[in-house]
Amino acid sequence: MTPPLPQARPGSVSGWIHSVETGGTVDGPGIRYVLFMSGCPLRCLYCHNPDTQHMHDGTRTTSAEVLDDIALYATFLQRAHGGLTLSGGEPLVQPEFTAAVLRGAKALGLHTALDTSGFLGNHADDHLLEDVDLVLLDIKAFSEKTYRHLTGVPLRPTLEFAERLAGLNKRIWLRYVLVPNLTDDAAEIDRLAEFVAGLGVVDRVDVLPFHKMGEHKWKALGRKYMLTDTEPPSRELVERVRKQFQAQGLRAD
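So, how was this worked out
Chains are numbered independently. Their residues run from 1 in the order of the written sequence. At least 70 in pLDDT is required for a residue's local features to be given in this predicted model, at least 80 for side-chain atom pairs to be given and counted, and no such filter applies to totals for whole chains, interfaces and linings, which use all residues. Note: side-chain values were computed over all heavy atoms of the structure, leaving out hydrogens and water. Secondary structure elements are taken from DSSP: a helix is a run of H or I of four residues or more, a strand is a run of E of two residues or more, and numbering for both begins at the N terminus. Contacts were defined at the residue level, with two residues in contact if any of their heavy atoms lie within 4.5 Å. Each residue is placed in one exposure class: buried if its accessible area under a 1.4 Å probe, protein chains only, is under 20% of its type's maximum, exposed if it is over 50%, and partly exposed if it falls in between. The sign given to each residue is positive for Lys and Arg and negative for Asp and Glu; His and the chain ends receive no count. Salt bridge, as applied in this entry: a Lys or Arg side-chain nitrogen positioned within 4 Å of an Asp or Glu carboxyl oxygen. In short, DSSP must find at least two bridges between two strands for them to pair. Interaxial angle, 0 to 180 degrees, is taken between N-to-C directions of lines fitted to C-alpha atoms, where a helix line uses only the stretch in contact. UniProt positions are given in the numbering used here, feature names are shortened, and annotations may be inferred rather than shown by experiment. Within 6.5 Å between ring centres, the rings of Phe, Tyr and Trp (the latter by its six-membered ring) count as paired, and their orientation is classed by plane angle as stacked under 30 degrees, edge-to-face over 60, tilted in between. Whether a charge sits over a ring depends on NZ of Lys or CZ of Arg being within 6 Å of the ring centre and within 35 degrees of the ring normal.

**Some points on the environment of Pro 157**
Here is step 1 of the chain: As for its position among the elements, Pro 157 is in helix H5 (residues 156–167).
Here is step 2 of the chain: As a C-alpha pair, Pro 157 and Leu 120 span 37 residues in sequence and 7.2 Å in three-dimensional space.
Here is step 3 of the chain: Leaving out residues up to four positions away in the same chain, Pro 157 has contacts with Gly 118 and Phe 119.

**Comments concerning the side chain of Asp 138**
Here is step 1 of the chain: Inspection of the secondary structure assignment puts Asp 138 in strand S6 (residues 134–138).
Here is step 2 of the chain: One buried charged side chain, Asp 138, makes no salt bridge at all; its nearest oppositely charged neighbour is Lys 140, positioned 4.5 Å away.
Here is step 3 of the chain: With residues near it in sequence (within four places) discarded, Asp 138 still touches Asp 115, Thr 116, Ser 117, Thr 158 and Arg 175.

**A short note on the sheet that holds strand S1 (residues 14–24)**
Here is step 1 of the chain: Judged by pairing direction, the sheet is mixed, and its eight strands sit side by side in the order S3-S1-S2-S4-S5-S6-S7-S8 without closing on themselves. A strand with exactly one partner marks an edge of an open sheet, and here the two such strands are strand S3 (59–62) and strand S8 (202–209). Direction aside, neighbouring strands of the sheet carry axes that sit 30° apart on average.
Here is step 2 of the chain: The sheet contacts of H5 involve strand S5 (111–116), S6 and strand S7 (171–178), and relative to S6 the element is tilted by about 155°.

**Thoughts on the UniProt feature "domain: Radical SAM core" (unreviewed entry) in the protein**
Here is step 1 of the chain: When the UniProt feature table is mapped to this numbering, "domain: Radical SAM core" (unreviewed entry) covers residues 26–251.
Here is step 2 of the chain: Between the first and last C-alpha atoms of residues 26–251 the distance is 16 Å; the span itself is 38% helix and 19% strand.

**Focus: the pattern of salt bridges**
Here is step 1 of the chain: If you walk through the whole model with that rule in mind, you get 14 salt bridges.
Here is step 2 of the chain: Among the ionic pairs, Glu 144 bridges to Arg 148, the shortest N-O distance being 2.8 Å. With Glu 144 and Arg 148 both in helix H4 (residues 144–151) and four residues apart, the pair spans about one turn of that helix.
Here is step 3 of the chain: Among the residues examined, Arg 148 registers a relative accessible area of 45% and is labelled partly exposed.
Here is step 4 of the chain: The closest approach of N and O atoms between Asp 253 and Arg 204, which form a salt bridge, is 3.7 Å. Of this pair, Asp 253 sits in the segment after helix H8 (235–246) while Arg 204 sits in strand S8, and the two are 49 residues apart along the sequence.
Here is step 5 of the chain: Since its relative accessible area comes to 30%, Asp 253 is described here as partly exposed.

**Describing unusual backbone geometry**
Here is step 1 of the chain: Of note, the amide linkage connecting Gly 88 to Gly 89 takes the cis form, showing an omega dihedral of 10°.
Here is step 2 of the chain: Along the polypeptide, Gly 89 turns up in the loop between strand S4 (83–87) and helix H2 (95–107).
Here is step 3 of the chain: For Asn 169, which is not a glycine, the phi torsion comes out positive at approximately 55°.
Here is step 4 of the chain: Asn 169 gets classed as exposed once you look at its relative accessible area, which sits at 52%.
Here is step 5 of the chain: One non-glycine residue, Asn 181, adopts positive backbone phi at about 65°.

**What to know about the packing of aromatic side chains**
Here is step 1 of the chain: A complete count under the given rule lists four aromatic pairs for this structure.
Here is step 2 of the chain: Ring geometry for Phe 142 and Phe 195: centres 5.5 Å apart, planes at 40°, overall tilted. Highlighted residues: Phe 142 in the loop between S6 and H4 and Phe 195 in helix H6 (residues 186–199), separated in sequence by 53 residues.
Here is step 3 of the chain: Its relative accessible area of 17% is what places Phe 142 among the buried residues.
Here is step 4 of the chain: Accessibility expressed as a relative area gives 16% for Phe 195, which makes it buried.
Here is step 5 of the chain: Between Arg 204 and the ring centre of Trp 173, over which it is positioned, the NZ or CZ distance is 4.1 Å.

Written out as C-alpha cells, the structure reads:
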C-alpha cells in the first residue's frame, strides 16, 4: 500500500525537494545546509542537475518537516559561520514553500542564501526577500541571443531582478559559468562586468569553469547532452575572465 503524502501542519506549506546537503562549502559563507528544491523553468545546456527540472519528480514534504531537520544542525551551522542555502532546481518555482522555509530559518537564527537564476524574480515578493541575507545570482550570459540559446528563456527578467535587489541593498554573489565558445566572448563579458559593478551590491564574482560531471544524469534520463564535445576552459581563459571582472573593481574568484 502506498503511504500517504505528507500533509502540511497548520502554518506549514507543502513543497517538493530533490535532496539535502548538510556540509556544503561552496553555496554561501561558512558551512551550509543546502536544500535542493525541485522544479526549474530553464533548460540550460550544461545543467548538472537535470533531474531537478520537473517539480513532481522530487519528494513531497512540508516546510515544517524541513525546518525540523534544519533545527538539528542549527547550532553547528551558527558556530561554523554558515547557514541555510536554498538551491535547486529553482527555489522561486515554489515561492510560498521557499518563503516559509526562509522565515523558519531566520527564526532559528540562521544566515540565509537564495541560489537563483533570477528568471522568476517576480515570484519573490518583498516579504520573501526580507528573510534573505544573500542572493547567489546566476547570470549565465549577457546577450539575449546567447542567453536564449543557453537557457531557452529571455535574459531581461534576470537583469530586472538584479536591479531590484540593488534597490533593496540586497547583497549578491554573482555566479558565471564559463563555457568555451559559448560564454567566453570578451566583449559580452566586459558588458556584464560593467553592469554588475554598477549594481553596487555585488560582493564577489565566482567564475565557474564548465564541467561535464552531470552528463551521466542526462544519459540516465534518456536525453541527449549537447555539450559532449565541449572541453573545460583553460586556466588562461579562466584567469582572463576573472581579470575582466576585476577591471571593474569587483572581487573575482
